[in-house]
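Residue-level structural notes
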Amino acid sequence: SLQDLKDKERALQKLQKERESLLSKTESLNVSLNKQSTELRKKEKETNDMNGQLNKLQKELKTTAAVATTDASSKFAAMELELQGAKTGREQADDLLRKRETSLQDSLSNSKALQQSYDELAKMNTVSLQDLKDKERALQKLQKERESLLSKTESLNV
């Protein structure tokens, strides 16, 4: 009958509007998903760059520690020779000991500063990795929502 036909036509229009709405939402989710993917790749690059900096700093720390140890050993050996050959006695020995202590304190300060820099970079890397994991979880959630909307769209198309 004519009334049934009109009702069916209204129902069809309603379904078409719902389909268009779902397609719009799917498109919006795709845009968001692409943005998240781009941001995720950017964060991965930043993390890789930080890892490179961290590795470089570790190498510098090892090199500096080796140089500081060698330097301290050389200074210590030279001071021992000076002490053995000293003619003025106690004053000269005290002076050499003060120099040795200052040198060792300088080496220790340098090592502590490098260790602090290393710790800060490690902390930054950990924060960046956590942020990357959070973005990945958000991306997975958006993908699931997109799949759900695509499934609903398909069922409406049928």
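Located above this text is the structure these notes cover.
Residues numbered from 1 in each chain as written. Predicted model: local features only at pLDDT ≥ 70, side-chain atom pairs only at ≥ 80, totals over all residues. Heavy atoms only, no water.

Quick look at the overall build of the protein chain now. The helix and strand inventory of the protein chain stands at two helices and zero strands. Looking at the 158 residues of the protein chain, the share that counts as buried comes to 18%. Of the contacts formed within the protein chain by residues at least 6 apart in sequence, a portion of 88% connects residues at least 24 apart. When the accessible surface of the protein chain is totalled, it reaches about 12200 Å², and 52% of it is carbon and sulfur. Across the protein chain, 30 positive and 27 negative side-chain charges occur, with their mean positions spaced 4 Å apart. (Helix = DSSP H or I, 4+ residues; strand = E, 2+ residues; numbered from the N terminus. Buried < 20%, exposed > 50% of the residue type's maximum accessible area, 1.4 Å probe, protein only. Contact = heavy atoms within 4.5 Å. Areas by Shrake-Rupley, 256 points an atom, 1.4 Å probe, with all protein chains shown as cover. Lys, Arg positive; Asp, Glu negative; His and termini not counted. Charge placed at Lys NZ, Arg CZ, Asp CG, Glu CD.)

Below, the discussion takes up the environment of V67. Topologically, V67 is positioned in helix α1 (residues 2-85). When the C-alpha positions of V67 and S107 are compared, they lie 9.4 Å apart, and in sequence the two are 40 residues distant.

On to the pattern of salt bridges. Here the structure, examined in full by the defined rule, presents nine salt bridges. Here D7 and R10 are joined by a salt bridge, their closest N and O atoms 2.8 Å apart. Linking D7 with R10, this pair stays in helix α1, spanning three residues, or about one helical turn. Residue D7 is classed as partly exposed on the basis of its relative accessible area of 33%. Take R10: its relative accessible area is 47%, and that puts it in the partly exposed class. One salt bridge in this structure joins K43 and E46, with 3.7 Å as the shortest N-O distance. (Salt bridge = Lys/Arg side-chain N within 4 Å of Asp/Glu carboxyl O.)

This part takes up the nonpolar core. Listed in full, the eight residues of the largest apolar core are L22, L29, L33, L40, L132, L139, L142 and L149. Mapped onto this core, the elements with two or more residues apiece are α1 and α2 (90-157). Ignoring sequence-local partners within four residues, the contact set of L22 consists of L149, K152, T153 and L156. By size, the runner-up hydrophobic cluster in this structure holds five residues, among which are L54, L57, L114 and L121. (Core = buried A, V, L, I, M, F, W, Y, C linked by side-chain atoms within 4.5 Å.)

Before going further, it helps to examine the environment of Q143. Take Q143: it is sitting in helix α2. Accessibility expressed as a relative area gives 35% for Q143, which makes it partly exposed.

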